[in-house]
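# Structural description and commentary
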Amino acid sequence: MSQSKKKIITFSANVVFSNEELLTEILLHLPVKSLVCCKCVSRKWLCLISSPHFTHLRVPCFRPASGLFLYHSSFLTNPYHKFVSFSLENPITTPLQKFPFLQHDHHNPKIMISQSCNGLLLCHTVHNPFTFDENYYIFNPTTQQFVTLPRPLSGDVIGMGFAFDPWKSSHYKVISLQISKLEPANHQIEIYSSEHKKWRVSGQTFPRHYDICFKNRLVYWNGAIYVSCIKRFNIEQEKFEEVAIPDVQDHEEDDYRIIYFGESYGHLHLIQVNRQNLALYNVYEMKHDGTGWFLKYEVNVEDVVLAFPHIIRGFLETTDFHYYGMAVLNVVRGDKEEDSFLILHIPGMVILRYNLVNKSFYKLWDFDNGVHDAFAWCLHFDGSNTYEYVESTYCW
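Note that the structure is a prediction, hence the values are computed from the model and not measured. (Residues numbered from 1 in each chain as written. Predicted model: local features only at pLDDT ≥ 70, side-chain atom pairs only at ≥ 80, totals over all residues. Heavy atoms only, no water.)

## Side note on the overall build of the protein chain
For clarity, the threshold we go by: A run of H or I in DSSP becomes a helix once it reaches four residues, and a run of E becomes a strand once it reaches two; helices and strands are each numbered from the N terminus. Exposure was quantified through the Shrake-Rupley algorithm and a 1.4 Å probe, taking into account, for residues, occlusion by the shown protein chains and nothing else.
Scanning the protein chain from N- to C-terminus turns up seven helices and 23 strands. Just so you have it, the protein chain exposes about 20,200 Å², and 53% of that area is on carbon and sulfur atoms.

Here it is, written out as C-alpha cells:
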C-alpha cells in the first residue's frame, strides 16, 4: 500500500474516532459480541459503550432470544446448567462457562438461576437448603458483569424476582418476598431500586398464600412480575393482582391443564392442552393491556410423536396428562412470524426446535452427542427450569 493511501486511511480513522456522534452511530450497528471486544480498544470507547445513553440508544436494536439455559439438579448433576443455541447454522457459543461471582464465595455453594429478563439473569447461591442463607446477584452473561444485591431489611427472604425493561428505563427493580420479622405468620414485600441502590418496605404485611410463591420461575411482562399464571405483582402500583386464565367452554375445567407459561420478545404466552387430545397445543397470547388471552396458535404435535414413539407411556390412560413424555421448554418469538417456534424436550433423547408456522422441526441438541446414555436418561428439563438468553450490553 502506498504511503499516500496509508495517510488517507489514517486520516479517515482519526476523523471517525474524534467524532463521537459518528463513532456512536457506527458502534450501534455492531453485534453485541463485537461491542464487548470494542470496549478494550480505549478508555474512551469503554466509557461510550458502557454509558446509559448508549444502552438506551441500542434498545431498538434488541434482538430476540438466541439461546436457552437449562437447569437440572439431581444427585448426579447438582447442579447442571446446559446452554442450547437456537441456531444450528450460526450457533451461539455458551456464554456461561462459569459464574464469576463464585470467585468471591469460598463455600462452594449451589448456584441457581431464578429469572431471566431482557438480557439479565437473577441468580442466587444456596449454602444450606434448610436455611435462608442465600446471596442474590444480577448478572449479565454477555459481558460477565454482575452486582451483588444487599440483603433486605425486614426478614428472611423466601424468594426474589426482578423487572428490567430497557424500553422504559436503564434501571431495574428487585422484588423480595419475606417472612415478616414483626409478624412471622405474615409475609412482607420489599423493593430494591438500582437507581437508588437501597431497599424499602412496600405496603403492609399480608397472610401467607399458596398463590404467592417466589420459589417458582418468575416472569416479567409489561410492568408486572408474574409469580404464576394466575397472580402478578404490579410494579408501579406495588400490589398483587389476579390474572384470568383462558375460558373453557363446554368442557369441565379438569379436562384442561396449563403446560407452559412464559415470555418471549415482548409477548406473554400460555399453552393449554385438553386430555381428550393431548397432542393439540393451544398457544395463547396475553392482550397488550393485560386483560385477557387470545388464541395465537393451534399446534398439533402428532408428527413429533410419530418421530419419537418412545415418548408414549403405554402404561397410562390416553387421557392422562402424562401420557406423552414430552415437555415444552419455551415459546420463542422472532422478528417475523415465521421465525417463531417451540423448544421441545424429548427426555433422554433430544431437544427440538418446532416451527409454529410451517410445522417443521429439527434437532438442536442430541443427548447421544457427548453424553452417556445412562446419564442422559436421568436428565429431565421442563419449562419451569429454562431461562432465555438475550445478548445485551447493559453495564453498571
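## Quick look at the nonpolar core
Cut-off, in case you're wondering: The set of buried Ala, Val, Leu, Ile, Met, Phe, Trp, Tyr and Cys residues whose side-chain atoms join them within 4.5 Å is what this entry labels a nonpolar core. Relative accessibility decides the category of a residue: with a 1.4 Å probe and only protein chains considered, values under 20% of the type maximum give buried, values over 50% give exposed, and everything between is partly exposed. By the convention used here, residues are in contact when the closest approach between their heavy atoms is within 4.5 Å.
In this structure, L149, F162, Y172 and V174 are the most contacted members of the largest nonpolar core, which totals 32 residues. For this core, the secondary-structure elements that each account for two or more residues are β4 (120-126), β5 (134-140), β7 (155-164), β8 (172-180), β9 (186-193), β10 (198-207) and β12 (224-228). The greatest single-element share of this core, amounting to six residues, is contributed by β7. Non-local contacts of Y172, meaning those with residues more than four positions away in its chain, are made with L120, I138, V147, L149, F162, A163, F164, Y192, S193, S194, Y394 and W396.

## Considering the packing of helix α2 (residues 20-27) against helix α4 (residues 43-50)
Two quantities define a packed helix pair, namely the angle between the helix axes and the distance between the axes. Here is the rule we go by: Lines fitted to C-alpha atoms define the axes here, with helix axes fitted over just the stretch in contact, and angles between the N-to-C directions of these axes take values from 0 to 180 degrees. Crossing handedness: left-handed means the near helix sits turned counterclockwise from the far one by under a right angle, and right-handed means the same turn made clockwise. Asp, Glu, Lys and Arg are counted as charged, while Ala, Val, Leu, Ile, Met, Phe, Trp, Tyr, Cys and Pro are counted as nonpolar; the rest, among them Gly, fall into the polar class.
The geometry of α2 relative to α4 is characterised by a closest axis approach of 11 Å and an angle of 65° between their N-to-C directions. Here α2 and α4 pass one another in a crossing that is right-handed. Only K44, W45, L48 and I49 of α4 make contact with α2, whose side of the interface consists of E20, L23, T24 and L27. Here the residues of the contact of α2 with α4 sort into five nonpolar, one polar and two charged.

## Some words on the sheet that holds strand β22 (residues 361-366)
For clarity, the cut-off: Paired strands, as defined in this entry, are two strands with at least two bridges between them according to DSSP.
Strands sit in the order β19-β20-β21-β22 across an open sheet of four strands; the sheet is antiparallel. Each edge of the open sheet carries a strand with a single partner, namely β19 (327-332) and β22. Within this sheet the neighbouring strands show an average axis-to-axis angle of 25°, counted without direction. One ladder, built from five bridges, connects β19 with strand β20 (residues 341-346); its direction is antiparallel. Directly across from V328, in β20, lies its bridge partner L344.

## A word on unusual backbone geometry
Here the phi dihedral of N222 falls at roughly 50°; this positive angle occurs in a residue that is not glycine. Relative to the helices and strands, N222 is located in the loop between β11 (219-221) and β12. With a phi close to 55°, Y265 is a non-glycine residue in the positive phi region. By the secondary structure assignment, Y265 is in the loop between β15 (256-264) and β16 (267-274).

## Some details on the environment of F86
Mapped onto the fold, F86 is located in the loop between β2 (80-85) and β3 (110-117). In sequence terms F86 and L68 are 18 residues apart; their C-alpha atoms lie 7.5 Å from each other. Aside from chain neighbours lying at most four places away, what touches F86 is A65, S66, G67, L68, N330, V332, F341, I343, R353, Y362 and L364.

## Re the pairing of strand β14 (residues 239-242)
The sheet contact formed by strand β13 (residues 231-234) and β14 spans four bridges and is antiparallel. Considered in β14, the bridge of N234 is made with K239. Between β13 and β14, which pair antiparallel and follow one another directly, the connecting turn spans four residues, one of which, E238, has a positive phi of 55°.

## What about the packing of aromatic side chains?
Note the following rule: Between 30 and 60 degrees the pair is tilted, below 30 it is stacked and above 60 it is edge-to-face, where a pair is any two Phe, Tyr or Trp rings, Trp via its six-membered ring, whose centres lie within 6.5 Å.
Following the criterion strictly, the structure yields 14 aromatic pairs and no others. Plain terms: the ring middles of F206 and F240 are 5.8 Å apart, the flat faces sit at 65° to each other, and that makes the pair edge-to-face. Taken as a pair, F206 in strand β10 and F240 in strand β14 lie far apart in primary sequence, 34 residues in all. In this structure F206 comes out as buried when scored by relative accessible area, which is 17%. Their ring planes at 70° and their centres at 5.1 Å tell us that F233 and F240 sit as a pair that is edge-to-face. An aromatic cluster is present here, built from W221, Y226, F261 and W293 joined pairwise through their rings.

## Structural notes on the pattern of salt bridges
Counted only if it meets this: Salt bridges are identified by distance alone: a Lys or Arg side-chain nitrogen within 4 Å of an Asp or Glu carboxyl oxygen.
Within this structure, the stated rule accounts for seven salt bridges. Of the charged contacts in the structure, one is a salt bridge between E238 and R200, with a shortest N-O distance of 2.4 Å. Of the two residues, E238 is situated in the loop between β13 and β14 and R200 in strand β10; the sequence distance between them amounts to 38 residues. The exposure class of R200 is partly exposed, given its relative accessible area of 38%. As a salt-bridge pair, K231 and E242 come within 2.5 Å of each other at their nearest N and O atoms. Here the residue K231 occupies a position in strand β13, and E242 occupies one in strand β14, the gap between them amounting to eleven residues. By relative accessible area, which is 56% here, E242 ends up exposed.

Everything listed here is a matter of geometry and, on its own, says nothing about what the molecule does.
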